[in-house]
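Observations on the model geometry
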Amino acid sequence: MNAALLQRLQRSLAQREGSSLRRKLAARASDDLRVNLADNDYLGLSRDPAVIAAGVAALHEWGASSSASPLVTGYTVVHQQLEHALAAWQGYEHGLVMNTGFAANSAVLGGLPKKGDLILADRLVHASMLEGIAASGARLRRFAHNDLDALELMLHEEPALEGVIFVVTESVYSMDGDSPDLKRLASLRKRFGFCWVLDEAHATGWYGATGSGLQEEQGAFAAADIVVGTLGKGLGSQGAYVLSHAPEVRDALINFAGEFVYSTYLAPSCAAAALAAVERVKGMSAERGQLHALSHAWRDGLVEVGFAVPSGDSPIIPLILGDSDVTLKYAAALRAAGFMVSAIRPPTVPERTGRIRISLRRGLTPTALANFLQALKGVRE
Ligand SMILES: Cc1ncc(COP(=O)(O)O)c(C=O)c1O
């Protein structure tokens, strides 16, 4: 290996190590019995018998891989059925399955905005959106997190553009578990005529009468121009999708998005599992009620033992601890007490806001909460 390159890599890794920020992989065993508070399988669908059966049947029918780009032979009738099902469920006319949410966001935001356009993005939008935006050549302004007054001010401040204004938000923020007012965003969109890109990654399955997301929950059904969602979180599978009212969005991705064109397509078994998950999730409104109650119970419990956590009923609760070494200390103690947790540190989150990101899931018991609170108290003492 080239010596200069090795030195450069060693220096940057040592820098991360020195500030407790070095990321490390830990392989999980299938018989790990710790209580999982880390992954995004909020409704437990990755283990749902109907979802597994659909994936297995597709494995037998199609084999283990799509084996090609979607433009060659990778696109199957299973992908097509899935995109129709996703679009109809969430109130859109057009859908396109993508390999990952990361690829979907970077394709949409890297490909649709151009030089001369303006992107107004929430301060905390996901890294995949920022990667796309950086590649797009459009000008970026970021508004304070969930502050729609600040967004409105920016919209007033901006002189009439030749280009297009994009507004980029999530519906449930991945590291904070909070949400913007989607009805207000919808009314700003009507007034100012921007193109609204909404990432529903963490809301799908959890919110809405049929589980289609926060737009449905907040009475802003299908209000965004473009929705990006993932199949790998609440839907318990793998892959992602982009929905739009305009057929041109789908066509542009098929024609211009390298993430779509130059990559082996999502395996049909993942698409089939996701299709089964969509059908399962529509009928889970009783479970959604229980999950929202669970979210309140965990937040109340954390507040009772002296931690400040945001109110709400989303699946994500940030336990903000500050410095990275403190975050690591809590994570180690919680793991030792039988919980699977991840220590989220900069640059994933802003400086000095290291946290345990508590990710809730169906089936968590009151005993798990009591033990978790007990373990937290133990670290603090
Ligand atoms: C808000 C948000 N969007 C997109 C993604 C990426 O989705 P995927 O895991 O399917 O690549 C994530 C995952 O971390 C996310 O949190």
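About the cut-offs
- Residues numbered from 1 in each chain as written.
- Predicted model: local features only at pLDDT ≥ 70, side-chain atom pairs only at ≥ 80, totals over all residues.
- Heavy atoms only, no water.
- Helix = DSSP H or I, 4+ residues; strand = E, 2+ residues; numbered from the N terminus.
- Buried < 20%, exposed > 50% of the residue type's maximum accessible area, 1.4 Å probe, protein only.
- 1 Å grid on protein atoms, 1.4 Å probe; cavity = no way out; pocket = protein on both sides within 12 Å on 5 of 7 lines; lining within 4 Å.
- Points joined across faces, edges and corners; volume = space filled by probe spheres on them.
- Nonpolar A, V, L, I, M, F, W, Y, C, P; charged D, E, K, R; others polar.
- Domains from an automatic or database assignment.
- Pairing = 2+ DSSP bridges.
- Contact = heavy atoms within 4.5 Å.
- Axes fitted to C-alpha atoms, helices over the stretch in contact; angles between N-to-C directions.
- Salt bridge = Lys/Arg side-chain N within 4 Å of Asp/Glu carboxyl O.
- Polar contact = N/O pair within 3.5 Å; in protein donor to acceptor, adjacent residues only side chain to side chain.

**Observations concerning unusual backbone geometry**
Across the junction of Pro346 and Pro347, the peptide omega takes the value 5°, indicating a cis bond. As for its placement among the helices and strands, Pro347 is situated in the loop between β11 (343–344) and β12 (354–359). Here Ser20, not a glycine, exhibits a phi torsion of approximately 55°, which is positive. Given a relative accessible area of 21%, Ser20 falls into the partly exposed group. For Asn146, which is not a glycine, the phi torsion comes out positive at approximately 60°.

**Structural notes on the layout of surface pockets**
Summary: where empty space remains is shown by rolling a probe the size of a single water molecule over the atoms. Quantified by volume, the second largest pocket comes out at close to 350 Å³. As for the second largest pocket, its lining consists of 16 residues, and the residues nearest its centre are Val125, His126, Ala127, Pro347 and Thr348. When the residues that make up the lining of the second largest pocket are grouped by side-chain class, the tally is nine nonpolar, three polar and four charged. Mapped onto the domain boundaries, the lining of the second largest pocket takes at least three residues apiece from domain 1 (24–43 + 284–380) and domain 2 (49–282).

**Re the sheet that holds β12**
Ordered in space as β9-β12-β11, the three strands form an open sheet in which the pairing is antiparallel. Whereas interior strands pair on both sides, the edge strands pair on one side only; in this sheet they are β9 (316–322) and β11. Across the sheet, helix α13 (residues 285–304) lies against β9 and β12, angled at about 20° from β9, the strand it touches most. Packed on one face of the sheet, helix α14 (residues 324–336) meets β9, β11 and β12 and runs near 35° to β12.

**Section: the environment of Lys377**
You can see Lys377 is positioned in helix α15 (residues 366–380). With 71 residues separating them in the primary sequence, Lys377 and Gly306 have C-alpha atoms 9.1 Å apart.

**Points about the domain arrangement of the protein**
Per the domain assignment, the segments of the protein are domain 1 (24–43 + 284–380) and domain 2 (49–282). In this assembly, 25 residues from domain 1 lie in contact with 23 residues from domain 2. At the junction of domain 1 and domain 2, the tally comes to one salt bridge. As a salt-bridge pair, Asp176 and Arg355 come within 3.2 Å of each other at their nearest N and O atoms. For the interface between domain 1 and domain 2, the tally reads 16 residue pairs in polar contact (both at pLDDT 80 or more). Those elements that provide at least two residues to the side of domain 1 that touches domain 2 are α13, β9 and β12. Per element, the largest residue contribution to the side of domain 1 that touches domain 2 is six residues, and it comes from α13.

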